[in-house]
Every structure is written in structure tokens, then in C-alpha cells.
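Residues per chain, in single letters:
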Amino acid sequence: MAMANSAEELVFNPPELVAKNAHCSSMEQYREMHKESIKDPEAFWSKIAKEFHFENNSVGKFFEYNFDITKGPIFIQWMKGSRTNICYNCLDRHVLAGKGDAIAFYWEGNDPADRNSVTYAELLSEVCQVANFLKSRGVAAGDRVAIYMPMIKELVVAMLAVARIGAVHNIVFGGYSADSLCDRIVDAGAEVLLCADGVWRGNKLVHLKEIADEAMKMCSSRGVEVRLNVVVRHMTRVTHPASLHDTSNGHPAKKTHFDHQVTWNSDVDVDWETATSSSSSECPVVWLDSEDPLFMLYTSGSTGKPKGVLHTVGGYMLYAATTFKYSFNYHPGDVYFCTADIGWITGHSYVTYGPLLNGATSVLFEGVPTYPHTGRFWEIIERYKVSKFYTAPTAIRTLMKYGDEPVKKFDVSSLRVLGTVGEPINPEAWLWYHRVVGGGNAAIVDTFWQTETGGHVITPLPGATPTKPGSACFPFFGISVCLLDEAGEEIEGEGEGYLVFRQPWPGMMRSVYNNHQRFQETYFQKFPGFYTTGDGARRDKDGYIWVTGRIDDMLNVSGHLLSTAQVESALVEVEQVAEAAAVARPHPVKGECLYCFVTLKQGEKFTEELVADMKNKVRSKIGPFAQPDYLQLAPGLPKTRSGKIMRRVLRKIAVGDRDFGDITTLADPTVVELLFENRPANA
Ligand code: 6R9
């Protein structure tokens, strides 16, 4: 059993400024709306559907599903039979309503000198040009189109153009290798690729076109020919980072463009600008059934072969729009900034679709949080007077290391809502985010969700929910949360178990692309009748949900179930510790014991005294049984490019097994060997 944690006792009421005009402004209102959404999903979501355009002016047969594998194949359908198009709802709907001049995105490049913006009307005409070009090259409804681009306007244009003509986008994060890109093109059977020549990420140049070329070669050898590759010549229009620092001649830095050479295969490659600028800027949309596919997105490869998570048009649209509106309490006039890359689900739902469906103005950021200085996020917030900000705990912890000064240099007083996503946030990082970034006046929304869920499933609502640092709080509308024990018995009230959902919601995935069997096995087999998230969670005495991390990150020490996140959170409370990762190592008496990797803050030493402090901290925060048996100093941790710690690798290191498996998706695979070499003497 997990022990109570002191963050449970800390409660932050919704800030007055936020509650004043919130879409949902009290817990009573939240409970009422949530109750309706569960009891009568049709009534609840059909009201929301009325705000969107459905071509036949009806929302079809609203809701049908089977969640119970013992009763037949799993299926989920919302509004089947009704016809719509998400691109139309993101763009045309606003332009037709006279809002074409509103800014859709402020684009902020890797170099602060590179900036521009695009309105809804401009976005629409560019999307139409690309859509027309794709049509002219034979791309039709249902075809899969791969996209491999950095955080530039054309990435948004590309996905919307694909959606406009009813094709299915398969976006591959621009940090993935040729191997991973190839896997995703082959699995999806995509014949068309949209990419860019390259991108600067801080001082680092990523040769996207080169990687794409290599991937296409690999695809070819695996029987999939990419017949068309549309390339954005991005490098010719951005500032070379070195120019920022070149003050050797005594002159201020000059904007110098970089002559980026790419190889060109004229059978396949076409230049984006040349290809699309001559196309018409009007393109009728293809009306789709609500249950037609919208996109596939492969879930990060931290376990096994990536799965093509498939989302459909209508339900995803309602869910992305509604979660954006309520979780961030979006209002016209807000400027919203989500730091996630569009290559991840967070970027799909909360950079592109959610904000555009609401007619919002957002910042699209190409760079990294620490370039050219560690206050870059805060500088951007000041520049655009950002009111709603959304980032990941890993970014918060990274920036925390530099202290409060970089934040204080900028005026971030426009902030009202601060979101986090991706992993459990430790109370220390939560409190820093709240106190230093939010100045104590902003609502923190810790949004729990997954690629599979399409949008937030457990989250506070900023004007209504009293928050506790580290808790994602309560289920979103339509989500019926259940905690189950190993035997599948429901845990009522306080307790910890498997986090599952009892009924479908509009934004949930419909299948694994080309592998419905895997979909059923992964999410519906373990507990028939429920969607299994794969995460564990605890419900505290006040009903708050604390997501404790993946079940495969769960530890069982002497019969006590605890999560890696709990242990890590305790460790990082030790002053000298910057980051920690805990894994289980088999133990002859306890079953499993804890093996922890810790990264120290700059200048700190890994002394015996510190090791004792860390052990004591875990003992005192969780319980004596949780005391780590092993603590290893880690100069770095093996993380995927989205910032998730690859624990299976750490588990191997913990037991001295060099069989690491596939580590190519790590941001820096070299740390693995380094950690292995430096295992503590007693291990
Ligand atoms: C949106 C996204 C999903 C997994 C999920 C869970 C972890 C995400 C979290 C969180 C605790 C949160 N996760 N948000 N854990 N609190 N607020 O990240 O999707 O990349 O598919 O990852 O991330 O373990 O199961 P995805």
C-alpha cells in the first residue's frame, strides 16, 4: 500500500482572476456536467456538436460501442452517418464568420530574429493550394500521407491539407531517425511524404532531407516506394545560429543565411513553394463520415514495436475542441503557447486542432527552451503576452535548475493557466511552476492523457478545481474512471490500482492501424469491459486521482506496491538532486528492491553523506520499505526524444545485463554504456 504523501494536504484554490469568467466555475457545476456526460453522453455531446459544422446538419447515429471483449469485437462509434471535415471546422468556419484576419499563429523560430505570423484566411488559402497540389498528384481520400517536418507553419498547413481532402496523416516527429521514419512509412503504406530540408535546434543542425532520403531508400528495400516527396526549403530563410555569437569583428551579429545543400532526386522530390504556389487557393473540402480515419500516430517506442494509433474525424474533433476550451479555460483574446512538438499527440490536439477549432491565437515555437538563453520560454511569453502556457514536467525541471533569475528577467504576468503533460509532475516542480512562473496567481493544470485518448482525460478545470501539487485531480467530461486491483475488482474510495475507463468518450482511438487484434489485446484483454490505460493511479481520501506512472514502472517491494514516480519525487526533494530515475531490481527476500539513478545539480558531489541523505529522504517520504538498495550517480539519463526515461534500459543496467534491446530512439544512446561502466561496486 502506498503511504499518504504530504502534497495531498496542500490545496490551491482556483485563482480569482481565472474563476471570474470560467466556462466551468465551480465544483458543483463540474460535478453536474460530468454526471450528465456519463449518464447521457448523447445529450451532452450533441449540444457541443451543434457548435460545429456537419454537412447534413445532423449528427447521425450518436453513439454505439462494445467495450467488452467477451461479448465480441471491440468497436466505438460516435455520430456515424454524419458528414463533416475537420479542416473546414478549423478554418473555413471562422473565415466565413468574418474572423479571417485573426492571427492563427505567431511563429517564433529557433533564432529569435526569425519571426512571423499567419492569419486564419492566409492559412486557409495556403492549405487549399497544398490540397489542390496533392489532389493533382493523385492523393485521394483514405490515402496515408507521411509528414516529417520541424515546427514550422508548413507542418500545420500540411496536416490540414491532408485532412481537407480526406487523406490520413501520419506525422513522424522530426527528431526520429531514418529507421524509425521508414518503419512508420512502411507500416502505414504511405506513398507520399511531406518534409523540410532541415532545421536548427539550438546550435544543432538536423538534416531532415538527408534522413528522409535514407528512410525512402530503406522503404524501397522493404517494398514500399515513396513516389512523391514535397520538400519545404526552410534552411534558406532562417538565421544561422553561429551569427548570433560572432562578435569577433567587433560588430553586432548579422543575419546570415546558410547555404544548405541537399541532394535532389527529380523523380520524387518537388520543391514545396514551386509546386504549391501555382495551385488555386480555393479547394472544396471532401466531406467524410464522422467515423472515417483522420490520422494515425505511432506511440513512442519505449516498449515493443510502435503502434499506429488510429483516430477518426468527428469524435476526435469534438473532444480536442472541448478539452482545449475547458482545460485551459480558453477565451477569445487569449494568446496560447504549447511547447510540444506537433510530432507528438500533444502537438496534434493542442497545437493544431484544439486551438484552431476554437479560433484561438497561438505561438508556434521552432526552438528549444535553452537557446539562445535559458529564459527563452519566458521571453516568448513576455513578447506575445501569453495567457495560457502548456509544457512538460521535464522542461520545468530542466529550467528549474537555473533558478528563478531567468524567469524574473521577463514580465510573465500575463499568465493565467499553466499546463503540464507527459509524466507525473513531482510536487517540487509543480510548486516552482506555480510560485515562480505563475507568481502564485495562475492555475496549474496537470493534464493526464495519452496518444490513445486523443485529449485530456484526467485534469483540473482552472476556474473550478482546487488543485493538489502532483495530482491530475478529476476526470474530464465523458470519462468514467475506475481503479481495479490485480483480480479486476473495483477499488472504491481510497486506494491504488490499475487506471481504467468504463465507457468510451468521443476522442478515444478506434483501432491500431491494420491491427485491430493488437488494439483489443493491448487495451481490452486484461480487464474485460474496460479500457486499460497501462498506468497505475491512487485515489486519495478526497477523491483526487494521482497517476503514479506506467504499470511497468510499478515496483513491488516486500508486497508494497509503489511507483517509480513516488520514489523519484522523494529523491529530487534532496537539495543537491536534479533528476532521479528509479527501477526495480529482483531481490531474494523482498521480491524487488529499488535501484535509483540520480543526476546532481551542477557542482554537487556524490558523497557518502549525500547517499545517506537520499536514502533517508525516501524512507521518510514513503516508508522504510522503500529505501533504495542501490544509488548510482548518473551524469545523464537515457531518455526518448520526447523526454521519457527509458526504464527498461535502466532495469538492464541495474542487473548488470548488457542486452539493452533497441536503444536507437534514445536522444543520446551513449549514456547507456557510460552508466553501465559506472555501476556501483556493491551492485
Ligand atoms: C499526452 C502524452 C502517455 C503516457 C501516459 C502516462 C504519461 C502523460 C501525464 C502522465 C502522469 C500526467 N502521462 N501525462 N502521467 N501525469 N499528467 O503524453 O501521450 O506520449 O502517449 O504518453 O504518459 O504514463 O500513459 P503519450
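The present account deals with the structure reproduced in this document. Predicted model only: the values in this text are computed from it and were never measured.

## What about the packing of aromatic side chains?
1) Next: Considering all chains together, one arrives at 47 aromatic pairs under this definition.
2) Next: Seen from their ring centres, Phe 44 and Trp 45 are 5.1 Å apart, and the 80° between their planes marks the pair as edge-to-face. Grouping residues by exposure puts Phe 44 and Trp 45 together as buried.
3) Next: Each member of the aromatic cluster is reached from another via a ring pair, and the members are Phe 62, Phe 63, Tyr 65, Phe 67, Trp 78, Phe 501, Trp 505, Phe 519, Tyr 523, Phe 524 and Tyr 531.
4) Next: Between Lys 468 and the ring centre of Tyr 544, over which it is positioned, the NZ or CZ distance is 4.4 Å.

## Concerning the sheet that holds strand β21 (residues 481-484)
1) Next: Taken together, four strands build an open sheet; the order of strands is β21-β22-β24-β25 and the sheet is antiparallel. Only two strands of the sheet have a single neighbouring strand rather than two, namely β21 and β25 (545-550). Strand-to-strand, the axes of this sheet are offset by a mean angle of 45°, without reference to chain direction.

## Overview of the packing of helix α4 (residues 86-99) against helix α6 (residues 153-164)
1) Next: Relative to each other, α4 and α6 sit at 120°, their axes nearing to 8 Å. In terms of orientation, α4 and α6 fall into the oblique class. Crossing hand, α4 versus α6: left-handed. Side by side, α4 and α6 meet where Ile 86, Cys 87, Tyr 88, Cys 90, Leu 91 and Asp 92 of the first sit next to Leu 160, Ala 163 and Arg 164 of the second.

## Brief notes about the nonpolar core
1) Next: One finds Ile 86, Leu 194, Tyr 353 and Phe 501 to be the most contacted residues of the largest nonpolar core, which totals 155 residues.
2) Next: Setting aside anything within four residues of it in sequence, one finds Phe 501 in contact with Phe 67, Phe 448, Val 457, Ile 458, Ile 479, Ser 480, Val 481, Phe 530, Tyr 531 and Thr 533.
3) Next: Of all hydrophobic cores here, the second largest spans 29 residues; its members include Leu 399, Val 407, Ala 429 and Trp 432.

## What about the layout of surface pockets?
1) Next: In this structure, the second largest pocket occupies an estimated 490 Å³ of space.
2) Next: Taken together, the elements giving at least two residues each to the lining of the second largest pocket come down to α2 (27-39), α3 (41-49), α4 and α11 (313-327).
3) Next: When the residues that make up the lining of the second largest pocket are grouped by side-chain class, the tally is 12 nonpolar, seven polar and six charged.

Cut-offs applied
- Residues numbered from 1 in each chain as written.
- Predicted model: local features only at pLDDT ≥ 70, side-chain atom pairs only at ≥ 80, totals over all residues.
- Heavy atoms only, no water.
- Phe/Tyr/Trp six-rings, centres within 6.5 Å; stacked < 30°, edge-to-face > 60°.
- Buried < 20%, exposed > 50% of the residue type's maximum accessible area, 1.4 Å probe, protein only.
- Lys NZ or Arg CZ within 6 Å of the ring centre and 35° of its normal.
- Pairing = 2+ DSSP bridges.
- Helix = DSSP H or I, 4+ residues; strand = E, 2+ residues; numbered from the N terminus.
- Axes fitted to C-alpha atoms, helices over the stretch in contact; angles between N-to-C directions.
- Parallel < 35°, antiparallel > 145°, perpendicular 65-115°, else oblique.
- Left-handed = near helix turned anticlockwise from the far one by under 90°.
- Contact = heavy atoms within 4.5 Å.
- Core = buried A, V, L, I, M, F, W, Y, C linked by side-chain atoms within 4.5 Å.
- 1 Å grid on protein atoms, 1.4 Å probe; cavity = no way out; pocket = protein on both sides within 12 Å on 5 of 7 lines; lining within 4 Å.
- Points joined across faces, edges and corners; volume = space filled by probe spheres on them.
- Nonpolar A, V, L, I, M, F, W, Y, C, P; charged D, E, K, R; others polar.

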